[in-house]
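Descriptive analysis of the structure
What follows is the residue order along each chain.
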Amino acid sequence: MNIAIVTGASSGMGKECAEILADRFSGISEIWLIARRKDRLEKLSDSLPVKTRLFSIDLGTEGAIHTLQAELKKTSPRVRFLVNAAGFGAIGKAGEISADLSASMIRVNCESLTRITETVLPYMPVNSRILNFASAAAFLPQPGFAVYAATKAYVLSYSRALRTELKKRKIAVTAVCPGPVRTEFFDIAEKTGVIPVYKKLVMADPGRVARTAVRDCMAGKSVSVYGITMKGFRLLCRVLPHEWLLKIWDIFPLKDADPSGPEAV
Ligand SMILES: NC(=O)c1ccc[n+]([C@@H]2O[C@H](COP(=O)([O-])OP(=O)(O)OC[C@H]3O[C@@H](n4cnc5c(N)ncnc54)[C@H](OP(=O)(O)O)[C@@H]3O)[C@@H](O)[C@H]2O)c1
């Protein structure tokens, strides 16, 4: 049985990826959908033209993926696609967001992504694909979004190294690095702070970003960056020393969208 596994499938780019895989890859007989919100997974499942298995699990908790591990062991599927899209960010400087929230970001964005990847890998045959959602935040440290950007730098670094490790097995790994995208991500991120105005101006459509990600992954690209603005940002971060860019950030701090500043945690 050929399957795809998608985390973060209840909304945003994870949901878009599940829809694309279901529509375009007839060889996939099941998609396994992972997120906490069961009602959302059921709604998506009803709309997809393939069979699904739903895993309503909180990736921020210890032992969360036991049910996934058990199902893999029981059914021994061939996992053709693994999409790691589950993740979240909390805006705020050190001291403005709680240490527990920062630890939770690291657990969901880094630890669970790594655990799921390494649990699923033994079930991935040659020519299968892994899409890991990093972010353009991985290209440069982000004061005011520091922990989130650091988790995404981890995802980018891990994905690139994994890609090299898996070359012999012909498994392609793509790190997806979008800039701001119009999803529920910012409803959660803005619980602890306010996004800068410029991010609102360059927000991309989640369907377009997901389509580009799947296309880049099929083309075997190591990094998928959507749009000219983020491609330019990546180039800037590659050619200029980060210390310079952080100094510019310090001299010209980008104004918050809401002058009243961050909300209470
Ligand atoms: N939107 C952006 O601007 C942007 C930019 C660059 C990168 N990204 C990254 O792209 C990925 C997808 O984000 P998105 O924009 O599509 O955001 P989104 O709409 O908020 O989707 C996030 C997904 O992650 C799941 N998730 C979050 N915490 C979880 C937990 N503890 N356990 C299980 N699932 C959890 C959510 O499901 P439940 O809430 O149902 O659990 C949801 O399905 C994330 O990794 C994000 O960091 C986003």
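Just above, that's the structure.
The following refers to the structure shown. None of the values given here were measured: they were computed from a predicted structure. (Residues numbered from 1 in each chain as written. Predicted model: local features only at pLDDT ≥ 70, side-chain atom pairs only at ≥ 80, totals over all residues. Heavy atoms only, no water.)

With respect to the overall build of the chain
If you tally the helices and strands in the chain, you get 10 helices and 7 strands. In summary, the chain has a C-alpha radius of gyration of 18 Å against a globular reference of 18 Å for 265 residues, a match within 12%. Projecting the C-alpha coordinates of the chain onto the three principal axes gives extents of approximately 55 × 35 × 30 Å. Counting every position in the chain, which comprises 265 residues, the buried fraction comes to 51%. As displayed, the chain offers around 13,200 Å² of accessible surface, 55% of which is attributable to carbon and sulfur atoms. Here the chain contributes 37 positive and 25 negative side-chain charges, whose respective centroids are spaced 9 Å apart. (Helix = DSSP H or I, 4+ residues; strand = E, 2+ residues; numbered from the N terminus. Rg over C-alpha atoms; globule rule 2.2 N^0.38 Å. Buried < 20%, exposed > 50% of the residue type's maximum accessible area, 1.4 Å probe, protein only. Areas by Shrake-Rupley, 256 points an atom, 1.4 Å probe, with all protein chains shown as cover. Lys, Arg positive; Asp, Glu negative; His and termini not counted. Charge placed at Lys NZ, Arg CZ, Asp CG, Glu CD.)

Comments concerning the environment of V79
Here V79 is to be found in strand 4 (residues 78–84). A relative accessible area of 0% places V79 in the buried class. Distance from V79 to I57, taken between C-alpha atoms, is 19 Å for residues 22 residues apart in sequence. In contact with V79, not counting residues within four places along its chain, are I3, I5, L72, V120, Y123, M124, P125 and S128. (Contact = heavy atoms within 4.5 Å.)

A look at a nonpolar patch on the surface
On the surface, V197, L201 and V202 cluster together to form a nonpolar patch covering roughly 260 Å² of accessible area. With respect to the helices, strands and loops of the structure, V197 is situated in helix 7 (residues 197–201). (Patch = residues over 30% accessible without salt bridge, like charges linked within 9 Å, V, L, I, M, F, W, Y side chains within 5 Å. Salt bridge = Lys/Arg side-chain N within 4 Å of Asp/Glu carboxyl O.)

Structural notes on the packing of aromatic side chains
On inspection of all chains with the given rule, the structure shows 8 aromatic pairs. On the basis of an interplanar angle of 45 degrees and a centroid distance of 6.3 Å, the ring pair of F139 and F233 is categorised as tilted. With F139 in the loop between strand 5 (129–133) and helix 5 (146–165) and F233 in helix 9 (residues 228–239), this residue pair connects regions lying 94 residues apart in the sequence. An angle of 15 degrees between the planes, with centres 5.9 Å apart, marks the rings of Y154 and Y158 as stacked. Of this pair, Y154 and Y158 both sit in helix 5, separated by 4 residues, roughly a single helical turn. Given a relative accessible area of 34%, Y154 falls into the partly exposed group. With relative accessibility at 13%, the residue Y158 sits in the buried group. An aromatic cluster of three or more residues is present, and its members are F145, Y148, F185 and F186. (Phe/Tyr/Trp six-rings, centres within 6.5 Å; stacked < 30°, edge-to-face > 60°.)

Digging into the environment of V225
For V225, the location among the structural elements is in the loop between strand 7 (223–224) and helix 9. Of the residues examined, V225 reaches a relative accessible area of 7% and is grouped as buried. The sequence separation of V225 and V176 amounts to 49 residues, and the corresponding C-alpha distance is 6.4 Å.

A short note on the site of the ligand
As a matter of local geometry, the ligand sits amid 30 residues, with S11, R36, Y148, V181 and T183 nearest to it. At 2.8 Å, a side-chain N or O of D58 approaches a nitrogen atom of the ligand. Separating an oxygen atom of the ligand from a backbone N or O atom of F185 is a distance of 3.3 Å. In the complex, 97% of the free accessible area of the ligand, which totals 870 Å², lies under the protein chains. Elements supplying a minimum of two residues to the shell around the ligand: helix 1 (12–24), helix 5 and helix 6 (185–189). (Near = heavy atom within 4 Å. Polar contact = N/O pair within 3.5 Å; in protein donor to acceptor, adjacent residues only side chain to side chain.)

Overview of the sheet that holds strand 7
The strand order 3-2-1-4-5-6-7 describes an open sheet built from 7 strands, whose pairing is parallel. Of all strands in the sheet, those bounded by a partner on one side alone are strand 3 (51–56) and strand 7. Along the sheet face, helix 1 touches strand 1 (2–7), strand 2 (30–35), strand 4 and strand 5 and points at about 165 degrees away from the line of strand 1. Its contacts with the sheet place helix 4 (residues 99–120) against strand 1, strand 4 and strand 5, and it is angled at close to 170 degrees to strand 4. (Pairing = 2+ DSSP bridges. Axes fitted to C-alpha atoms, helices over the stretch in contact; angles between N-to-C directions.)

Here's the deal with unusual backbone geometry
The backbone of S76 sits at a positive phi, close to 45 degrees, despite the residue not being glycine. A positive phi angle, close to 55 degrees, is found at K170, a residue other than glycine. Residue position: K170 is located in the loop between helix 5 and strand 6 (172–176).

Details of the pattern of salt bridges
Evaluated as defined, the whole model comprises 10 salt bridges. The residue K38 makes a salt bridge to E42 at a minimum N-O spacing of 3.6 Å. With a gap of 4 residues between them, K38 and E42 both fall in helix 2 (residues 38–47), about one helical turn apart. A relative accessible area of 35% means that E42 is categorised as partly exposed. Three or more residues are tied together by salt bridges with common partners; here these are E30, K51, R53, E71 and K74.

In short, the description is geometric, and any link to function would need to be established separately.
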